[in-house]
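# Structural description and commentary
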Amino acid sequence: MGIPLGTPRIGAPAPADGLLDSYGRRATDMRLSLTDKCNLRCTYCMPAEGLQWLQKDQVLSREEIVRLVGIGVNRLGIRELRLTGGEPLVRADLLDIIAEIRASHPDLPISLTTNALGLDKKAQRLKDAGLTRINVSMDSLHPDTFAQLTRRPFLDRVLRGIEAAAAVGLGLVKINAVLMRGINDHEAPDLLEWAVSRGFELRFIEQMPLDADHGWTREGMITAAEVRERLSERFVLTPDPRNRDGAPAERWEVRRAEEPSIVVGTVGVIASVTEPFCADCRRTRVTAEGKIMSCLFSHEETDLRDLLRSDADDAAIALRWQEAMWAKPKAHGMDHTGLGAADFVQPDRSMSAIGG
């Protein structure tokens, strides 16, 4: 009989517990940032001038990354790996990292979150190295709006990258979109039509308070309910019958209004703010410099890099990782949900410095 979610547990986790926290949640999904650098400047993520990037020796090396993944998989029950950034495609040894992880873990699902700049030239090599699937962040199909949101005129390059990923068979291509009020929120139906007509899965993500400028407000964001309302202007959405199984996105079957008997695809909505799913969170995050963030909104970080660069063995690193996850807050970096609540304090790190 398992411990009900949301019930604090007493005592430290045993090695066999994997990445268990004090509320009975067990992390099996590893989000690993390869770099804090990015070649876009999305308004909801970082300032126009960019951020102060980490020095090369501050970032985990290829060998350290491969070792850490091995500890997660072999000792702590990690069952899925997502490589993130910043923008992971800017990392020169990305293909080697993927190939070495794949060689050690033949059955591990390995996905990559990217803005797709340069993906058209790397898609086949990424698949050959062992990458399973791609998530692409793209918020608009209109060049001017894309440039307004990203501060870069690169929509054509992003679309080429997406097409290349689909052509080489990099799994189900997922597209992540953030809607900004008065900028691209009217595009929701067009984005969904574009995605389902090409066999992609679109996921709308509520804007979260993780922008470097700290300009987020709950009143200014587009909510999940508003997303569904906009989509319903042209589509019929019904709940996806498949088990959510800890996934952040609530999925919906999509039917065009003029053909309501035909399912043409699925769409996901990640509602971290208005419909939080913290009680079933199964993610553990490692920043580019090797710090564990048990929650996306944590103010506490636990350093693994110092152990990786010392004489510490895998057991010692695994134990520190477990201790970090045991201290995972209940929700949103607090003991309750409440992004935008009076007692919520935004983390110092922006999304690009955390890793999605």
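Residues numbered from 1 in each chain as written. Predicted model: local features only at pLDDT ≥ 70, side-chain atom pairs only at ≥ 80, totals over all residues. Heavy atoms only, no water.

### Focus on the overall build of the protein
A count of helices and strands for the protein gives ten helices and 14 strands. Here the C-alpha radius of gyration of the protein, 20 Å, is about what a compact globule of 356 residues would show, namely 21 Å. Along the three orthogonal principal directions, the C-alpha set of the protein runs to about 60 × 45 × 40 Å. The buried share among the 356 residues of the protein stands at 56%. Counted over contacts in the protein with a minimum sequence separation of 6, partners at least 24 positions apart contribute 71%. Total accessible area computed for the protein in this model is approximately 15200 Å², and 50% of it derives from carbon and sulfur atoms. With 46 positive and 52 negative side-chain charges, the protein shows a separation of 3 Å between the mean positions of the two kinds. (Helix = DSSP H or I, 4+ residues; strand = E, 2+ residues; numbered from the N terminus. Rg over C-alpha atoms; globule rule 2.2 N^0.38 Å. Buried < 20%, exposed > 50% of the residue type's maximum accessible area, 1.4 Å probe, protein only. Contact = heavy atoms within 4.5 Å. Areas by Shrake-Rupley, 256 points an atom, 1.4 Å probe, with all protein chains shown as cover. Lys, Arg positive; Asp, Glu negative; His and termini not counted. Charge placed at Lys NZ, Arg CZ, Asp CG, Glu CD.)

### Quick word on the pairing of strand S7 (residues 174–177)
Here S7 shows two buried faces, one formed by Lys174 and Asn176 and the other by Ile175 and Ala177. When strand S6 (residues 133–137) meets S7, the two strands line up parallel, connected through three bridges. Paired with valine 136 across the two strands is isoleucine 175, which belongs to S7. Pairing of S7 with strand S8 (residues 201–205), which is carried by four bridges, proceeds in the parallel orientation. Along S8, the bridge assignment pairs lysine 174 with glutamate 201. (Pairing = 2+ DSSP bridges.)

### Brief notes about the nonpolar core
Across soluble globular proteins, you tend to see nonpolar side chains buried next to one another. Membership of the largest hydrophobic core comes to 104 residues, with the highest contact counts inside it found for Phe204 and Trp321. Looking at which element gives the most residues to this core, the answer is helix H1 (residues 62–76), with seven residues. Contact partners of phenylalanine 204, with chain neighbours within four places excluded, come to Ala177, Leu179, Ala188, Leu191, Val227, Leu231, Val267, Gly268, Val269 and Ile270. (Core = buried A, V, L, I, M, F, W, Y, C linked by side-chain atoms within 4.5 Å.)

In short, shape yes, function no, at least from these values alone.
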